[in-house]
Amino acid sequence: MAYSSTLTDKEWEIIDPLLPQKKQTRPPKWTKRQILDGIFYQLKNGCNWCDLPKDLPPYSTVFWHYKQL
């Protein structure tokens, strides 16, 4: 499901090269784009982290990545 805070393909093309590339030790369960969509959803709507929609990554994962930024 797309939300108003979901990144468009054009926005993702701009942001993706700016993100740090880490050595992958195992395949990630969630893509960087899904995690950013979760962060943007929370920031736009001002909801609690635990109230993120279930079709986004778990709030603990999204929040952990948010703290790393």
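You'll find the structure just up there.
Quick caveat, the model's predicted, so the values are computed rather than measured.

Residues Leu 43, Phe 63, Tyr 66 and Leu 69 make up a contiguous nonpolar surface patch of about 400 Å² in total accessible area. Position of Leu 43 relative to the elements: it lies in helix α2 (residues 32-45). The class of Leu 43 is partly exposed, set by a relative accessible area of 47%.

Quick look at α2 now. Over its 14 residues, α2 runs 20 Å from end to end, which matches the ideal 20 Å to within 8%, given 1.5 Å per residue. Buried residues of α2: Ile 35, Leu 36, Asp 37, Gly 38, Ile 39, Tyr 41 and Gln 42, and no others.

Of all hydrophobic cores here, the largest spans 12 residues; its members are Leu 7, Trp 12, Leu 19, Ile 35, Leu 36, Ile 39, Tyr 41, Cys 47, Trp 49, Leu 52, Leu 56 and Val 62. Examining the composition of this core, we find that four residues originate from one element, α2, more than from any other. Apart from the residues within four sequence positions on either side, Trp 12 is in contact with Leu 7, Pro 17, Leu 19, Lys 32, Arg 33 and Leu 36.

Analysis parameters
Residues numbered from 1 in each chain as written. Predicted model: local features only at pLDDT ≥ 70, side-chain atom pairs only at ≥ 80, totals over all residues. Heavy atoms only, no water. Patch = residues over 30% accessible without salt bridge, like charges linked within 9 Å, V, L, I, M, F, W, Y side chains within 5 Å. Areas by Shrake-Rupley, 256 points an atom, 1.4 Å probe, with all protein chains shown as cover. Salt bridge = Lys/Arg side-chain N within 4 Å of Asp/Glu carboxyl O. Helix = DSSP H or I, 4+ residues; strand = E, 2+ residues; numbered from the N terminus. Buried < 20%, exposed > 50% of the residue type's maximum accessible area, 1.4 Å probe, protein only. Expected span 1.5 Å × (residues − 1). Core = buried A, V, L, I, M, F, W, Y, C linked by side-chain atoms within 4.5 Å. Contact = heavy atoms within 4.5 Å.

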